[in-house]
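Listed here are the chains, written in short residue letters.
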Amino acid sequence: LKVVDVSKHFGSLAANKNVSFDIASGEVLAILGENGAGKTTLMNIIFGHYLADTGIVEFNGKMLRSGDPRAAIEAGIGMVHQHFTLAENLTVLENTLIGVQPLWRPLLSTTAARAKLIRLAEQFGLHIDPDRPVHELSVGEKQRLEILKTLYNDCQLLILDEPTASLTPQEVSSLFVSIRQMVAAGLAVIIISHKLQEILEISDRIIV
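Fair warning: this is a prediction, and the values are worked out from it, not measured in the lab.

### Thoughts on the sheet that holds strand β4 (residues 54–59)
Strand pairing in a sheet relies on backbone hydrogen bonds. The paired strands run either parallel or antiparallel.
Working step 1: Ordered by their spatial adjacency, four strands build an open sheet running β2-β1-β4-β5, and the pairing between neighbours is antiparallel. Strands at the two margins of the open sheet, each flanked by one partner only, are β2 (13–22) and β5 (62–63).

### Let's talk about the environment of Pro130
Working step 1: Along the chain, the position of Pro130 falls in the loop between α4 (107–124) and α5 (139–152).
Working step 2: For the pair formed by Pro130 and Val92, sequence separation is 38 residues and the distance between their alpha carbons is 4.8 Å.
Working step 3: Once you skip the residues sitting within four places of it in the chain, Pro130 turns out to touch Thr91, Val92, Leu93, Arg114, Leu117 and Ile118.

### Quick word on helix α1 (residues 39–47)
Working step 1: Burial analysis of α1 places eight of its nine residues in the buried class, the great majority of the element.
Working step 2: Within α1, the full set of buried residues consists of Lys39, Thr41, Leu42, Met43, Asn44, Ile45, Ile46 and Phe47.
Working step 3: Just downstream of α1, Gly48 is the residue with a positive phi angle, here 95°.

### Observations regarding α5
Working step 1: With 14 residues, α5 extends 20 Å between its outermost C-alpha atoms, agreeing within 8% with the 20 Å of an ideal straight helix rising 1.5 Å per residue.
Working step 2: Of all 14 residues that make up α5, twelve are buried, and the element is covered over most of its length.
Working step 3: By the burial criterion, the buried members of α5 are Gly140, Glu141, Lys142, Gln143, Leu145, Glu146, Ile147, Leu148, Lys149, Thr150, Leu151 and Tyr152.

### As for the environment of Ala121
Working step 1: Here Ala121 lies in helix α4.
Working step 2: A residue is classified by how much of its surface remains accessible, and Ala121, at 5% relative accessible area, is buried.
Working step 3: Through-space distance from the C-alpha of Ala121 to that of Leu145 is 9.2 Å; in sequence the pair is 24 residues apart.

### Looking at empty space enclosed by the protein
Working step 1: Taken as a whole and judged by the stated rule, the model has one cavity of 30 Å³ or more.
Working step 2: Taken as a whole, the largest cavity holds about 80 Å³ of empty space.
Working step 3: What lines the largest cavity is Gly125, Leu126, Gly140, Gln143, Arg144, Ile147, Leu167, Glu171, Ser174, Leu175 and Ser178.
Working step 4: Where the lining of the largest cavity is concerned, the elements lending two or more residues are α5 and α6 (169–184).
Working step 5: Residue composition of the lining of the largest cavity, by class: four nonpolar, five polar and two charged.

### Looking at the pattern of salt bridges
A side chain with one charge can pair with a side chain of the opposite charge if their charged atoms come near.
Working step 1: Across all of its chains, the model carries ten salt bridges by this definition.
Working step 2: Glu88 serves as the salt-bridge partner of Lys142, at 2.9 Å between the closest nitrogen and oxygen. Placement of Lys142 in helix α5 and of Glu88 in the loop between β6 (77–80) and α3 (92–97) is noted, with a sequence separation of 54 residues between them.
Working step 3: What makes Glu88 partly exposed here is its relative accessible area of 35%.
Working step 4: We note a salt bridge from Arg132 to Glu141, for which the minimum N-O separation is 3.1 Å.
Working step 5: Overall, Arg132 belongs to the partly exposed group, its relative accessible area being 24%.
Working step 6: The exposure class assigned to Glu141 is buried, which follows from its relative accessible area of 17%.

Conventions used here
Residues numbered from 1 in each chain as written. Predicted model: local features only at pLDDT ≥ 70, side-chain atom pairs only at ≥ 80, totals over all residues. Heavy atoms only, no water. Pairing = 2+ DSSP bridges. Helix = DSSP H or I, 4+ residues; strand = E, 2+ residues; numbered from the N terminus. Contact = heavy atoms within 4.5 Å. Buried < 20%, exposed > 50% of the residue type's maximum accessible area, 1.4 Å probe, protein only. Expected span 1.5 Å × (residues − 1). 1 Å grid on protein atoms, 1.4 Å probe; cavity = no way out; pocket = protein on both sides within 12 Å on 5 of 7 lines; lining within 4 Å. Points joined across faces, edges and corners; volume = space filled by probe spheres on them. Nonpolar A, V, L, I, M, F, W, Y, C, P; charged D, E, K, R; others polar. Salt bridge = Lys/Arg side-chain N within 4 Å of Asp/Glu carboxyl O.

Shown next as structure tokens:
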């Protein structure tokens, strides 16, 4: 990922001002800053939720279409927000398939999807029952599902916004094991956090 001179204003407020940075595959990059510094705004620009006023975002050498989350997802970027966006009344598998394929597709495609989900869960230590209703999951399990959804879409860069804010210490340790497995597989990971000790433990590089 390459971000060059990105700026974003909300009225007279400068949320981001001429921000430039890059991240390579197989790297964990931490982004630090006090509340209101513009960290999440910057991630939302990368992911296409917001339009930048100026600047460009490139991924794998190609400029990303601004303001289009679908373009970011198709390019290989995934984002897990601090507040999850899951359908509580659906199962883990059904939540994974939302936006990917119609839920009424034949059993054969659902069988293939289940197999892929289980394989990814095993590969990255994100174990979860595909048939469990989301309303039965713990906070840590819901976060695992959000991460699995991005991996299911063949994510190459994963953005995690305050991923440990609501987790127990044991869940944080489990998440970090999964992140290390992702990085070992060649993914890039961006983490936004206020917890300095955790950042020092997991990140390769820090931007303030």
